[in-house]
Amino acid sequence: MTGAYHSGLDKLLDGRRLSPVQRRIAHYLSENLEEAIFLSSVELADRAGVSQPSVTRFATVLGFAGYPELRQALRPLVLGGPPEEQQESLIKGAIDREIRNLTAVRDRLPSLPLKELGECLAAAEPLPVLGLRVSAGLATTFAYYTRRIHPDVRLLAHGGSELIDGLHTARRAGAEWLVAVVLPRYPVEVMNALEYAGKLGYRVAAICDRPDFPAEVVLDAPVGDRLVFDSHAAPLALAMALVEAMADAAPLRTQARLEEYERMTDETGTFLTGELP
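These numbers come from a predicted model, not from an experiment.

(A) Representation of the environment of Asn192. Mapped onto the elements, Asn192 comes out in helix α10 (residues 188-200). According to the relative accessible area criterion, Asn192 is partly exposed, its value standing at 46%. Sequence separation of Asn192 and Ala94 is 98 residues, and the distance between their C-alpha atoms is 32 Å.

Okay, structure coming up:
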């Protein structure tokens, strides 16, 4: 099968005049095609030791509109079979990667400061939660559930002056901790906001994919990177584990708030009862 990889790649490269930088990319693809077909242009550039624009230019030299089109053309060399089988194999591979990601988080649970952080966040009022762009979804989910057990959770999911106002207002109201969800790609605005939060005196707890993320407490979980866009099963599981730790840190308050919530939803008919219509 490896020979088939090289044969197909050689056909794409045949007759092309490549620069030294482009040859480095071609060499990396030749040696690591199984992995490379799942990489973004930024990741491929990092692995090959070149710039991201160089990867884009490499793709155009080979006759493609951009790197995504080149990657799509390379995948059949590895996955084989008709298009529907290739797609099925790709999806299965993505799910397998997520299973490995979740397993990695499970195995690292004893070393993560979930209990200690849960206690700190449970006692923090108000508690701002930051997440922009792709991270806004997970930040919103975390804030939604945390509001069920915490008296004052403030979601910051919009950028610009509104974000700065939110950080400043929460700090003036007594906020000491900021929970930041920061998943790739990392917006410059988020990094600037975290720098500003540090100047305000916040302690930052980050839910992210990098253990070296610049925050006081880091809960890191890998993201799935096998499809066109990342998937976040492992970071979501980690975020829900943190909600659980916060609930355990204040059991009486948690019980009272959950019971109050159930009474409210019963009184207002918030949820369907019985079978779906």
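(B) Region of interest: the sheet that holds strand β2 (residues 153-156). Taken in spatial order, the five strands line up as β2-β1-β3-β4-β5 in an open sheet, and their pairing is parallel. At either margin of the open sheet sits one strand with a lone partner, and together these are β2 and β5 (217-220). The sheet shows a mean angle of 20 degrees between the axes of neighbouring strands, taken without regard to direction. Two strands pair when backbone bridges link them, and strand β1 (residues 127-130) and strand β3 (residues 177-182) are joined in this way by two bridges, in the parallel orientation. Each residue of the ladder has a partner; that of Leu130, found in β3, is Ala180. Across the sheet, helix α9 (residues 161-172) lies against β1, β2 and β3, angled at about 160 degrees from β2, the strand it touches most.

(C) A look at the pairing of β3. The element β3 is largely enclosed, with a buried count of six among its six residues. Burial of β3 is two-sided: the residues Trp177, Val179 and Val181 facing one way and the residues Leu178, Ala180 and Val182 facing the other way are all buried. As paired elements, β3 and strand β4 (residues 203-208) share six bridges and run parallel to each other. Bridging from a neighbouring strand, Val181 pairs with Ile207 of β4. Following the backbone out of β3, through α10 and into the adjacent parallel β4, one traces a crossover that is right-handed.

(D) Expanded view of α9. An ideal rise of 1.5 Å per residue puts 16 Å on twelve residues; α9 measures up with 16 Å between its terminal C-alpha atoms. The complete set of buried residues in α9 reads Leu163, Gly166, Leu167 and Ala170. The buried residues of α9 all sit within an arc of 95 degrees when viewed along its axis, so they share a single face. Structural note: α9 exposes Ser161 and Arg172 on the side pointing more than 90 degrees away from its buried face. As for α9, its buried residues are in contact with β1, β2, β3 and α10.

(E) Quick peek at the side chain of Ser54. By the secondary structure assignment, Ser54 is in helix α4 (residues 52-61). Ser54 sits in the buried class, given a relative accessible area of 10%. Looking at Ser54, its side chain comes within polar contact range of the side chain of Ser51, at 2.8 Å. Engagement of the side chain of Ser54 in a polar contact is seen with the side chain of Arg57, the distance being 3.3 Å. Residues within four places of Ser54 in sequence aside, it is in contact with Val21 and Ile25.

Rules used in this analysis
Residues numbered from 1 in each chain as written. Predicted model: local features only at pLDDT ≥ 70, side-chain atom pairs only at ≥ 80, totals over all residues. Heavy atoms only, no water. Helix = DSSP H or I, 4+ residues; strand = E, 2+ residues; numbered from the N terminus. Buried < 20%, exposed > 50% of the residue type's maximum accessible area, 1.4 Å probe, protein only. Pairing = 2+ DSSP bridges. Axes fitted to C-alpha atoms, helices over the stretch in contact; angles between N-to-C directions. Contact = heavy atoms within 4.5 Å. Right-handed = clockwise from strand over helix to strand, strands pointing away. Expected span 1.5 Å × (residues − 1). Arc of directions from axis to C-beta. Polar contact = N/O pair within 3.5 Å; in protein donor to acceptor, adjacent residues only side chain to side chain.

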